[in-house]
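Observations on the model geometry
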Amino acid sequence: MIWIYISESLLYLCFSLLMGAFIIQFIPERLKPEIRISKRLLQLAVLGIVFFSAAPLIRVILFLYEDIGLLLTMQNVLTGFEVGKAWTVTLILALFFYLFVSLFSVLNSKVLSGISLAFTFVLLLALGWASHGASLTEWSGFVIHSLHFLAVTVWIGMLLIVGWCSKNQENWLSYLRWFTPLAIACFLTIVGTGLFLMTLVIDVNEYSDAWMLPYGQALLVKHLTIIPVLFFAFINGFWIKRKLKRQEPINPIPWLKFESVLLLFTFVSTGVLGQQEPPHSIEITLAGSGPSAYFDYFYLGVIEPSMSLQFGFNTLNILFFIVAMIFMGLIVYSFKKKTPAIAPFFMGIFSVLSLYFGFMSSMQ
């Protein structure tokens, strides 16, 4: 399963790079720093969508082929399963997209960039077609999942392109004036659509009970990784903006880079989440497949399918929560003391781990 998790994460990365690379072309030069994007990067991202989106398909084929043979299984999956149909559409579109990107200077024309952006959006819709949300509802799950993923790729894509492809800090204040509202809008969209998608799978009142399952574990980690991202987003969007207005010497690019890297951790947890069995009934799923190995390690009592978890404070989890708050405070302190951005980046990682241990040791 590890290679599937990695491929899912890289798939989201490829979409984000394409989305960010083409959207930034519509921003006037005076509102962004100097940015140089390699055509090779675009080509690799398109090819990555083809190969990495095939991972769930390969998983289904490997699960079924022993009964009827490899070739017949491939034919049945490609023509009879939604994941197979979606990947076939993805393959055809991506081949045309790759040729288009290779033959034309798509980054030197707004018209060509717009066509490329349309290609990326249609490929995104093909991914949403094969999602859990789309399989549970006729249209709402598909639409909401696609909107959720669109907001994620726009936000992270812009961070990746500006953070890693900028050649200078010119026009940074002008860049922040339009990007900060865009990032806030994307975040609010992600929260709203994410809550809707979550309610398709589990009851909100059973959120903590889902932690007993691998799906719930991945969901918890995904939510926790957002916390240090918000700290970095506040620093990049507001604190650095204030310093630039005061004309204080500061290099915002490393902070933007590490914010994008932190957001990539949400890709990993999302990749893991997408490959877990959705617990439409926690009791039935727990009885059938058993608890998550991580939850089993932390929970000291007997795990039963009908049990309901309760949150309680104890000495251990209080210490973990205090340590998490200390790490979060160190993120802010590091910025005030002009520490290299890699230090608060690790503070963010440690805060997520501390919160995770704190929540796991709180269950009773």
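In every chain, residue numbers begin from 1 and rise along the written sequence. Thresholds applied to this predicted model are a pLDDT of at least 70 for local features of residues and 80 or more for the giving and counting of side-chain atom pairs; totals over whole chains, interfaces and linings are not thresholded and use all residues. Processing note: side-chain calculations cover all non-hydrogen atoms of the structure and skip hydrogens and water entirely.

Remarks on the state of the cysteines
Worth spelling out the cut-off: Disulfide assignment relies on a single distance test, namely cysteine sulfur atoms paired within 2.5 Å. Only protein chains enter the accessibility calculation, which uses a 1.4 Å probe; a residue whose area is less than 20% of its type maximum is buried, one above 50% is exposed, and one in between is partly exposed.
If you walk through the whole model with that rule in mind, you get zero disulfides. As a non-bridged cysteine, Cys 14 has Cys 165 as the owner of its nearest cysteine sulfur, 14 Å distant. Accessibility expressed as a relative area gives 10% for Cys 165, which makes it buried.

A look at unusual backbone geometry
This is how it is decided: Each helix corresponds to a stretch of at least 4 residues labelled H or I by DSSP, and each strand to a stretch of at least 2 residues labelled E; elements are numbered beginning at the N terminus.
We note that Gln 247 has phi near 60 degrees; this positive angle belongs to a residue other than glycine. By secondary structure assignment, the location of Gln 247 is in the loop between helix H10 (214-245) and helix H11 (253-274). Not every positive phi belongs to a glycine, and Lys 338 is a case in point at roughly 60 degrees. By the secondary structure assignment, Lys 338 is in the loop between helix H14 (315-336) and helix H15 (342-360).

Looking at the layout of surface pockets
Stated formally: Lining residues are those with an atom within 4 Å of a point, where the points come from a 1 Å grid over the protein atoms alone and group into cavities, where a 1.4 Å probe fits but cannot get out, or pockets, open sets with protein on both sides within 12 Å along at least five of seven lines. Grid points are joined across faces, edges and corners, and a volume is the space filled by probe spheres set on the points. Gly is placed with the polar residues, together with every amino acid not listed as nonpolar (Ala, Val, Leu, Ile, Met, Phe, Trp, Tyr, Cys and Pro) or charged (Asp, Glu, Lys and Arg).
Here the second largest pocket is characterised by a volume of approximately 590 Å³. The wall of the second largest pocket is formed by 19 residues, among which Gln 217, Ala 218, Val 221, Val 272 and Tyr 294 lie closest to the centre. At the level of elements, H10, H11, helix H13 (293-298) and H15 are the ones that each hand at least two residues to the lining of the second largest pocket. By residue class, the composition of the lining of the second largest pocket is 14 nonpolar, five polar and no charged.

Details of the packing of aromatic side chains
Going by this rule: Within 6.5 Å between ring centres, the rings of Phe, Tyr and Trp (the latter by its six-membered ring) count as paired, and their orientation is classed by plane angle as stacked under 30 degrees, edge-to-face over 60, tilted in between.
Summed over the entire model, instances satisfying the criterion amount to 28 aromatic pairs. Aromatic pair Phe 15 and Phe 149: ring centres 5.4 Å apart, planes at 75 degrees, arrangement edge-to-face. Taken together, the residues span a long stretch of sequence, with Phe 15 in helix H1 (residues 2-23) and Phe 149 in helix H8 (residues 140-165) at a distance of 134 residues. The exposure class of Phe 149 is buried, given its relative accessible area of 7%. Within the aromatic cluster, the residues linked to one another by ring pairs are Phe 22, Phe 97, Phe 100, Phe 104 and Phe 119.

Section: the nonpolar core
Nonpolar side chains tend to gather and get buried jointly when the protein is soluble and globular. As a reminder, the rule being used: Here, nonpolar core means buried Ala, Val, Leu, Ile, Met, Phe, Trp, Tyr and Cys residues that are tied together by side-chain atoms lying within 4.5 Å of each other. Contacts were defined at the residue level, with two residues in contact if any of their heavy atoms lie within 4.5 Å.
Phe 15, Leu 18, Ile 24, Leu 42, Trp 155, Tyr 175 and Phe 179 are the most contacted members of the largest nonpolar core, which totals 69 residues. Here this core takes twelve residues from H8, the largest share from any one element. The contacts of Phe 15, once residues within four sequence positions are left out, are Ile 49, Thr 120, Leu 123, Leu 124, Leu 127, Phe 149 and Thr 153. In this structure, Leu 213, Ala 218, Met 328 and Tyr 356 belong to the second largest nonpolar core, which totals 29 residues.

Notes on the environment of Asp 296
The topology assignment puts Asp 296 in helix H13. Residues Asp 296 and Met 212, spaced 84 residues apart in sequence, show a C-alpha to C-alpha distance of 7.7 Å.

Here's the deal with the pattern of salt bridges
Stated formally: Salt bridge, as used here: a side-chain nitrogen of Lys or Arg that lies within 4 Å of a carboxyl oxygen of Asp or Glu.
Inspection of the entire model under this criterion finds four salt bridges. In this structure, the salt-bridge partner of Glu 34 is Arg 36, at a minimum N-O distance of 2.9 Å. Judged by its relative accessible area of 55%, Arg 36 is exposed. Across the salt bridge formed by Glu 248 and Arg 246, the nearest N and O atoms sit 3.8 Å from each other. Given a relative accessible area of 26%, Glu 248 falls into the partly exposed group. Through salt bridges with shared partners, a single ionic network connects Lys 243, Arg 246 and Glu 248.

As for the environment of Glu 82
In this fold, Glu 82 is placed in helix H5 (residues 82-103). Taking the C-alpha atoms as reference points, Glu 82 and Ser 281, 199 residues apart in sequence, are found 23 Å from one another.

Things to note about the packing of H1 against helix H6 (residues 110-129)
Applied cut-off: Fitted lines through C-alpha atoms serve as axes, helices being fitted only where they are in contact, and the angles separating the N-to-C directions of these axes extend from 0 to 180 degrees. Each angle is binned into one of four classes, with values under 35 degrees roughly parallel, values over 145 roughly antiparallel, values of 65 to 115 roughly perpendicular, and all other values oblique. Here a crossing is taken to be left-handed if its near helix is turned anticlockwise relative to the far helix by less than a right angle, and right-handed if that turn runs clockwise.
Between H1 and H6, the least distance of the axes is 9 Å, while the angle of their chain directions is 155 degrees. With respect to H6, the element H1 is oriented roughly antiparallel. As for how H1 packs across H6, the hand of that crossing is left-handed. Contacts from Leu 11, Tyr 12, Phe 15, Leu 18, Met 19, Phe 22 and Ile 23 in H1 reach Ser 113, Ser 116, Leu 117, Thr 120, Leu 123, Leu 124 and Leu 127 in H6.

Thoughts on the packing of helix H2 (residues 39-52) against H5
Where H2 contacts H5, the axes come no closer than 9 Å and their chain directions differ by 170 degrees. Taken together, the axis directions place H2 and H5 in an arrangement best described as roughly antiparallel. At the point where H2 passes H5, the crossing takes the left-handed sense. Where H2 abuts H5, its residues Lys 39, Leu 42, Gln 43, Val 46, Leu 47, Ile 49 and Val 50 lie against Trp 87, Thr 90, Leu 91, Ala 94, Phe 97, Tyr 98, Val 101 and Ser 102. Its residues assigned to classes, the contact of H2 with H5 shows eleven nonpolar, three polar and one charged.

Quick notes on the confidence of the model for the protein
Short version of the rule: The predictor's confidence in any single residue is recorded as pLDDT, a number from 0 to 100.
Averaged over all residues, the pLDDT of the protein equals 86, while 95% of them reach at least 70. Within the protein, the lowest mean pLDDT, 60, falls on helix H7 (residues 132-136), and the highest, 93, falls on H2.

Observations concerning a nonpolar patch on the surface
We apply this condition: A patch is a set of surface residues, each over 30% in relative accessible area and not in a salt bridge, joined within 9 Å for like charges and within 5 Å for the nonpolar side chains Val, Leu, Ile, Met, Phe, Trp and Tyr. Computed by Shrake-Rupley with a 1.4 Å probe, the accessible areas treat only the displayed protein chains as cover when residues are assessed.
Where nonpolar side chains cluster on the molecular surface, the patch consists of Phe 311, Phe 313, Ile 318, Leu 319, Ile 322, Met 325, Ile 326, Leu 330 and Tyr 333 and spans about 900 Å² of accessible area. Within the element layout of this structure, Ile 318 appears in helix H14.

As for H5
A turn of α-helix holds 3.6 residues, and therefore any two residues three or four places apart point the same way. How we decide: One less than the number of residues in a helix, times 1.5 Å, gives the span that helix is expected to have.
Between its first and last C-alpha atoms H5 spans 32 Å; for 22 residues at 1.5 Å apiece the expected length is 32 Å, and the two agree. Within the sequence span of H5, burial applies to Gly 84, Ala 86, Trp 87, Thr 90, Ala 94, Phe 97, Phe 100 and Val 101. Along its buried surface, H5 packs onto H1, H2, helix H3 (55-68), helix H4 (70-80) and H6.

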